[in-house]
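# Observations on the model geometry
Okay, here's what each chain looks like letter by letter:
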Amino acid sequence: MRAPGKKRGRKVAPPGISARLNGHVTLDAQADGSIAACFDGYSVGLGKFSAGAVGRAQNLRTGLPLDSFVAGSRNVDQEIDLLVRRLARSGFLEYRLGLPGDGKDQAVIEPQVPDYWPRTPKLGEAETIVLSRFAYLRRRGNEMVLESPRAGALFRICDPKIATAIAALAIPQKISRLRRQDGFPGAELLALLVDCDILFKIDAANGDSLRQAEGDDNLVLWDFHDLLLHARSTEGRQANPLGGLYPHAGVISPLPAVRQRWPGKPIDLHELSAAPSQTDSPVAKLLRERHSTRDFDDQQPITLAELSRFLDSTARIQSRWKSGLDFDDDGSDIEYAARPYPSGGSAYELELYLTVANCEGLARGFYHYDADRHALVPIAARAHELEAMLTAAEFAMDAPAPPQILITIAARFGRVSWKYSSIAYALILKDVGVLIQTFYMMATDMGLGGCAIGSTNINLFARITGIEFHVEGPVGQFAIGRGRKSEASG
């Protein structure tokens, strides 16, 4: 019997997770059961479904609870699960966290990677959690978003009290203590944030060393701004618009090609410069002839012998040595290896991975260039992954066909960040620029065509190689092959 005078409180249902369509996406259902996702004048087919599934799918406009169909035994549940996962893989969904029957969102989850799916790992009362040092809250328009370059999704925070509670997690706290506090954000949200590495559990073995306690020792080498720039300036781990979209056209006038002249009397150099034809050295001639090639002659592709010469002249290791630290008395040595191009601190952190589409004497596939042995090592990659790499390069170059060989320039980030603070990622990008110019010079000298590519997909590279994006990942790309003779320079 319960004591007199005490009333049993009504049990409040916890917040639930619902899948719903992005605001710019609609579903078009045909009489035969075919469903297509429509956006910006495009449409993507999702397959045929039963009348019951088609009708239920309309709830995706406002939100369909995940627990209403995931792991369901009915055929219609399985159909909806298939439809929702296809929508998720195409980036057409967001996820609402809120109380059942309540139209207010506590938070909205926006996936940043194609394979994101909301998961809520169980959190024990005695476990201690803390905010990742890579996580940050920022204003986006009239919204507050919580994100991290490590996370597969960002969280749109709809309740200001939740933002306050998240900020308080800059100090490690036990789950049991959090539950007793006003403004507790809910175990479901905390679990979602732990799953995304925005929050992490503190390992008692690491004590107060929060920089090393995020579950991956490779993260110790990263500064916050470097990892953020790597994830947000590349493709694969963000859902922001990317590429030459002219986002400021009609709002801000474009800058002129030539800078406005500074005041002051100029010193004319023309009379000091002889005609180019009289003074051109081989290097100067190459610089004047260098141009980007986007159209390749697949009837006469680059040969393996030419590729070998190209790699030997631009990237092969020429010498190796060891040197001790000036301030280190324990005899520790650092290994160095020189290559044909300069590198910040002689780190030579860049590695070359080749996606080969058409090369005489070399099979189609994915290869790592072993610069020490001057050898190509095949890496198992699925056909659709190779096709995705080549298609993305074709699109980025605005080319009529894929390149014959796509060189992905990847960085072993720790080679630079072990030594340099605050400037590590900037140094890596400078090394990429130097290497790309070296590629251009050698391609021109050999009569080959080359083109630098401004975008890379760090998630696709991670899937092919099995390497975490923050351990070794793409920082540049270059297409190489035999250009068509009729292509104009540019």
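The preceding data block contains the structure.
Parameters at a glance
- Residues numbered from 1 in each chain as written.
- Predicted model: local features only at pLDDT ≥ 70, side-chain atom pairs only at ≥ 80, totals over all residues.
- Heavy atoms only, no water.
- Pairing = 2+ DSSP bridges.
- Helix = DSSP H or I, 4+ residues; strand = E, 2+ residues; numbered from the N terminus.
- Contact = heavy atoms within 4.5 Å.
- Axes fitted to C-alpha atoms, helices over the stretch in contact; angles between N-to-C directions.
- 1 Å grid on protein atoms, 1.4 Å probe; cavity = no way out; pocket = protein on both sides within 12 Å on 5 of 7 lines; lining within 4 Å.
- Points joined across faces, edges and corners; volume = space filled by probe spheres on them.
- Nonpolar A, V, L, I, M, F, W, Y, C, P; charged D, E, K, R; others polar.
- Expected span 1.5 Å × (residues − 1).
- Buried < 20%, exposed > 50% of the residue type's maximum accessible area, 1.4 Å probe, protein only.
- Arc of directions from axis to C-beta.
- Phe/Tyr/Trp six-rings, centres within 6.5 Å; stacked < 30°, edge-to-face > 60°.
- Lys NZ or Arg CZ within 6 Å of the ring centre and 35° of its normal.

### Remarks on the sheet that holds strand 11 (residues 153-157)
Strand order in the open sheet formed by 7 strands is 5-1-6-7-11-10-9, and the pairing between neighbours is antiparallel. Edge positions in the open sheet fall to strand 5 (64-65) and strand 9 (136-140), since each of these has one partner strand only. Direction of pairing for strand 10 (residues 143-147) relative to strand 11: antiparallel, over a ladder of 3 bridges. Across the sheet, Leu146 pairs through a bridge with Phe155, a residue of strand 11. Along the sheet, helix 2 (residues 75-89) makes contact with strand 1 (16-21), strand 5 and strand 6 (93-98), crossing strand 6 at roughly 110 degrees.

### Focus: the layout of surface pockets
Of the pockets and cavities examined, the largest pocket occupies roughly 1,700 Å³. In this structure, the largest pocket is lined by 49 residues; those nearest its centre are Glu235, Gln238, Ala239, Asn240 and Leu242. Every element with two or more residues in the lining of the largest pocket is listed here: helix 2, strand 6, strand 7 (107-111), helix 10 (383-397), strand 20 (449-453) and helix 13 (458-465). Residue classes in the lining of the largest pocket are distributed as 23 nonpolar, 17 polar and 9 charged. A volume near 460 Å³ is recorded for the second largest pocket. Contributing to the lining of the second largest pocket are 20 residues, with Arg150, Gly152, Arg237, Asn459 and Glu468 lying nearest its centre.

### Some details on helix 10
Its 15 residues place the ends of helix 10 21 Å apart at the C-alpha level, agreeing with the 21 Å of an ideal helix rising 1.5 Å per residue. Inspection of helix 10 places Glu385, Leu386, Met389, Leu390, Ala393 and Met397 among the buried residues, and these make up the whole buried set. The buried residues of helix 10 occupy an angular sector of 130 degrees when the element is viewed end-on, so they sit on one face. Turned more than 90 degrees from where helix 10 packs its buried face, Ala383, His384 and Phe395 sit exposed. Contacts made by the buried residues of helix 10 are with strand 16 (350-356), strand 17 (365-370), strand 19 (405-412), strand 20, helix 13 and strand 21 (472-481). One or two positions beyond helix 10, positive phi appears at Asp398, with a value near 55 degrees.

### Overview of the packing of aromatic side chains
Inspection of the entire model under this criterion finds 15 aromatic pairs. Where Trp222 meets Tyr425, the ring centres are 6.4 Å apart and the plane angle is 40 degrees; that geometry is what we call tilted. Placement of Trp222 in the loop between strand 13 (199-201) and helix 6 (224-232) and of Tyr425 in helix 12 (residues 424-446) is noted, with a sequence separation of 203 residues between them. Here Tyr440 and Phe478 contribute two aromatic rings whose centre-to-centre distance is 5.1 Å and whose plane-to-plane angle is 85 degrees, an arrangement assigned as edge-to-face. Within this pair, whereas Tyr440 is found in helix 12, its partner Phe478 is found in strand 21, the two being separated by 38 residues in sequence. Of the two residues, Tyr440 and Phe478, both sit in the buried class. Taken together through their ring pairs, the aromatic side chains of Phe310, Phe439, Tyr440 and Phe478 make up a single cluster. When the ring centre of Trp117 is taken as reference, the NZ or CZ atom of Arg85 above it lies at 3.9 Å. One residue, Arg290, lies across the ring of Tyr440, its end atom 4.8 Å from the ring centre.

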